[in-house]
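Geometric and topological summary
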Amino acid sequence: MKDKVQIDEIDAKILRELIKNSRTKLKDLAEYCNVSINAIFKRIQRLKESGLIKRATLFTNMGALGYEISATIGINLNPDQEQNVMNLIRDKKMNLAAISRSMGKFDLCVFVMAKNLEEIEDLKRDLILQGINRVSVNFWGKTHVQYENVELKAMGR
Amino acid sequence: MDKIDLKVLQELTENSETSFRRIAMKLGLSPKTVQNRYEKMERQGVIFRSTVELDLSKIGYSGKAYFFVRNSPKYEVAETVNEVSKLKQVFLVSEIVGDFDVIALAMIKDFGDAIKINNEIRKIPSVSKVEIAFTSNTTFPLTEKFGTIFQYEELWKNFSKK
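So, here is what we can say about the structure in this document. If you're wondering where the values come from, they're calculated on a predicted model, not measured in any experiment.

Turning next to the packing of helix α2 (residues 26-33) of chain A against helix α3 (residues 37-49) of chain A. How two helices sit against one another is set out by the angle between their axes and by the gap between those axes. All names here are of chain A. Remark: α2 packs on α3, axes separated minimally by 8 Å, with the N-to-C direction vectors making an angle of 105°. When the interaxial angle is binned, α2 and α3 end up roughly perpendicular. Residues Leu-26, Lys-27, Leu-29, Ala-30 and Cys-33 of α2 form the contact with α3, whose participating residues are Ile-37, Ile-40, Phe-41 and Ile-44. By residue class, the composition of the contact of α2 with α3 is eight nonpolar, no polar and one charged.

Now for the pattern of salt bridges. Pairing is possible between side chains of opposite charge, provided their charged atoms come close. Residues and elements named next belong to chain A. Scanning all chains against the criterion turns up 20 salt bridges over all chains. A salt bridge links Arg-101 to Glu-82; its shortest N-O distance comes to 2.7 Å. With Arg-101 in strand β3 (residues 96-104) and Glu-82 in helix α4 (residues 82-91), the pair connects residues that are 19 residues apart, well separated along the chain. According to the relative accessible area criterion, Arg-101 is exposed, its value standing at 55%.

Further remarks concern the interface of chain B and chain A. Between chain B and chain A, the contact holds 77 residues from the first and 65 residues from the second. Summing the contributions of chain B and of chain A, the shared interface buries around 6700 Å²; its carbon and sulfur component is 59%. Linking chain B with chain A are five salt bridges, by the criterion used here. Glu-53 of chain B is the partner of Arg-55 of chain A in a salt bridge, and the nearest nitrogen-oxygen pair spans 3.2 Å.

Further remarks concern the sheet that holds strand β6 (residues 139-140) of chain B. Taken in spatial order, the three strands of this open sheet run β1(A)-β1(B)-β6(B), and their pairing is antiparallel. Edge positions in the open sheet fall to β1 (53-60) of chain A together with β6 of chain B, since each of these has one partner strand only. By the bridge criterion, seven bridges tie β1 of chain A to strand β1 (residues 47-55) of chain B in an arrangement that is antiparallel. Within β1 of chain B, the position partnered with Arg-55 of chain A by the bridge is Glu-53 of chain B. In the packing of helix α1 (residues 3-14) of chain B onto the sheet, contacts are made with β1 of chain A together with β1 of chain B, and the angle to β1 of chain A comes to roughly 155°.

Reading the values: rules and limits
Numbering of residues starts from 1 in every chain and runs along the sequence as written. The lettering of chains begins at A and the numbering of ligands begins at 1, in the order of writing. Reporting of local features is limited, given that this is a predicted model, to residues whose pLDDT is at least 70; pairs of side-chain atoms are given and counted only at 80 or more, and all residues count toward the totals for whole chains, interfaces and linings. Hydrogens and waters are ignored; side-chain quantities use all the structure's heavy atoms. Think of each axis as a best-fit line through the C-alpha atoms, taken over the contacting stretch in the case of a helix, with angles from 0 to 180 degrees between the N-to-C directions. Every helix listed is a DSSP run of H or I at least four residues long, and every strand listed is a run of E at least two residues long, numbered separately from the N terminus. Note on terminology: angles under 35 degrees are roughly parallel, angles over 145 are roughly antiparallel, angles of 65 to 115 are roughly perpendicular, and the others are oblique. The contact criterion used throughout is that any non-hydrogen atoms of two residues lie within 4.5 Å. Residue classes follow a fixed rule: Ala, Val, Leu, Ile, Met, Phe, Trp, Tyr, Cys and Pro count as nonpolar, while Asp, Glu, Lys and Arg count as charged, and any other residue, Gly among them, counts as polar. Criterion for a salt bridge: a side-chain nitrogen of Lys or Arg within 4 Å of a carboxyl oxygen of Asp or Glu. Relative accessibility thresholds used throughout: buried, under 20% of the residue-type maximum; exposed, over 50%; partly exposed, between the two (1.4 Å probe, protein chains only). Buried area: the accessible surface (1.4 Å probe) lost by two parts on joining, summed over both. Here, strands pair whenever DSSP counts at least two bridges between them.

In short, geometric facts, not functional conclusions.
Here's what the structure looks like:
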């Protein structure tokens, strides 16, 4: 098991605020958590060094940038086909593709964003040409995000 | 949207804590311009928010579960979405079109977690079928998939064609 990081209630509070807005001022965090600015700074430093905070980034609406279609593609394949699929998706330069190996219903879950339907059709056809017949395409509609549902606290070792 | 907007987006995607002053220096703009661009894109809904990406394996999560849910034709899909969104550990729910009607993503500590959530989804009256897939990816939230600009040049090419 990877090294666990112990976090307390204040760390969890900081994390939740940073998920909502990573540009939140240290001063505001300090007020919100009722500790000193220095303490907030040190805590964030520790959370970053431990690897719990990977990076600060933007959450962008790709629809507004021309990627209007998002889809999850569930793929069932033989293990020896996996590399081919990864190469295929990489070579297609689908700008926003994320591939995760998975267990259960599918062997690979691919998340793609595309400019139009043809791109997804193309991908599906190419997958089938690779001999992968079990491809399940699901297009995303309205999405609801509830970060608060996820428990952020240190769990027992 | 123009090239400056995209540059600002790229800088902030790499590190959303960077001060507007620093970005301004790098791009040869005034800090005020950078701030205006940021605020404009926020207003227009191009930027949802500045956020941090966490690695939840560090606090004991072992991965994510994807729940593919089929809705019973007798009910509205919205009802399933609403019920599933209330479940603990479920952080993203979307209506989908395809083999299934709703997808839900949950952070899970172990299989027990996934089974528990699975059972709770099954109990919802508007749900007719649930399938699960697991991944060991522990990144939270989903910035890696949603709205991360992986290939800025590609995006710009595509954009300038419009």
